[in-house]
Amino acid sequence: MENKKSNKGLIVLNVILVLIVLGLCGFIAYDKFIKEDTCKCTKCDVKETKNEDTKVSKKDASKEIVYDDGTNQYKRVPIINIDSTDANKLNKEINDYVDKMSSETDYGEAYALTYDYFENNDVLSIKMTITTFGSSRYYKTVNINSKTGKEVSNYDLIKSKSIDENEIGNAIFDIYTKEAEKSGSLDVYKTQHIYSDEYTSVYDGTKNLVTNKKYDDFDMYLNSKGELCVISDVYLIAGPEMNFYVFNLNSYSYEK
């Protein structure tokens, strides 16, 4: 009888020891792996939230978000007053464009440069307009998120308006055709040939030019009403062979 009781006591003791060992192993595993991973995820989530809430600051708090140095009233080169890498990149892009236009023999110093900027929620759009002495117009646009300091792409602008990026060229040509009908010029566009090709009409030349471009080939911006405006060159029946027009894809008309 005593031996049986002794064996039974040893069995119980062994079971208790096994349970203690298993409990310790489980605690170590939780502390080492599960808890550590949970902490890591929590830290990541907190970090991402902070990034979303972070707003970039101006480089110069005393100036507007877009300004020029005021040294030349005829050539007002915009400066993006945002402290970010993309803002620096876009400012360089603007200056490179101005330098390029100044170095072109057809333009030289014979043009005026102005700019407008528009703020729509967090999207800051800048439209530069170059007007030559011959009244030709050239445009340059840049778009940036004023909260994050990140560049806003053409794709971002298009998607914000729920427009199919593959239909940009067709939409521009539809507006061009509608405006030509309104002005009574459509028949002339279809019969007048472009200067560089006596077999192609102004109408067909513009169609081929516009509809074969991809959405990233155009300059775009959001105007003061938050409407998507796209800039494209078209063939003309008089004056220079081509010139640029601004097409409002929301109102489906030329931008005035």
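Notes on the structure follow. Note that the structure is a prediction, hence the values are computed from the model and not measured. (Residues numbered from 1 in each chain as written. Predicted model: local features only at pLDDT ≥ 70, side-chain atom pairs only at ≥ 80, totals over all residues. Heavy atoms only, no water.)

### Overview of the sheet that holds strand 5 (residues 137–145)
The pairing of strands in a sheet happens through backbone hydrogen bonds and is either parallel or antiparallel.
Link 1 in the chain: Taken in spatial order, the three strands line up as 3-4-5 in an open sheet, and their pairing is antiparallel. Each of the sheet's edge strands pairs with one partner strand only, and the pair in question is strand 3 (111–120) and strand 5. Strand-to-strand, the axes of this sheet are offset by a mean angle of 15°, without reference to chain direction.
Link 2 in the chain: Where strand 4 (residues 123–132) and strand 5 come together, nine bridges link them in antiparallel fashion. Note that in strand 5 the partner of M128 across the bridge is K140. (Pairing = 2+ DSSP bridges. Helix = DSSP H or I, 4+ residues; strand = E, 2+ residues; numbered from the N terminus. Axes fitted to C-alpha atoms, helices over the stretch in contact; angles between N-to-C directions.)

### A short note on the pairing of strand 5
Link 1 in the chain: Where burial is concerned, most of strand 5 is hidden: eight out of the nine residues are buried.
Link 2 in the chain: Here strand 4 folds back onto strand 5 in antiparallel fashion, the turn holding four residues, of which S135 has a positive phi close to 70°. (Buried < 20%, exposed > 50% of the residue type's maximum accessible area, 1.4 Å probe, protein only.)

### As for the packing of aromatic side chains
Link 1 in the chain: This structure, assessed with the given rule, holds nine aromatic pairs.
Link 2 in the chain: Members of the aromatic cluster, connected to one another through ring pairs, are F173, Y176, Y189 and Y203.
Link 3 in the chain: Above the ring of Y67, the side-chain terminus of K63 is found at 5.3 Å from the ring centroid.
Link 4 in the chain: Lying across the ring of Y203, K190 places its NZ or CZ 5.0 Å from the centre. (Phe/Tyr/Trp six-rings, centres within 6.5 Å; stacked < 30°, edge-to-face > 60°. Lys NZ or Arg CZ within 6 Å of the ring centre and 35° of its normal.)

### A few points about the pattern of salt bridges
Any two side chains of opposite charge can pair, given that their charged atoms come close.
Link 1 in the chain: This model, assessed by the stated rule, comprises nine salt bridges.
Link 2 in the chain: Two residues, K100 and E104, come together in a salt bridge whose shortest N-O distance is 3.4 Å.
Link 3 in the chain: On the basis of relative accessibility, which here comes to 30%, the residue E104 falls in the partly exposed class.
Link 4 in the chain: The salt bridge involving E179 is made with K182; its shortest N-O contact spans 3.6 Å. Remark: K182 and E179 occur in helix 4 (residues 168–183); sequence separation between them is three residues, near one turn of the helix.
Link 5 in the chain: Judged by relative accessible area, which is 8%, E179 ranks as buried.
Link 6 in the chain: Residue K182 is classed as exposed on the basis of its relative accessible area, which comes to 59%. (Salt bridge = Lys/Arg side-chain N within 4 Å of Asp/Glu carboxyl O.)

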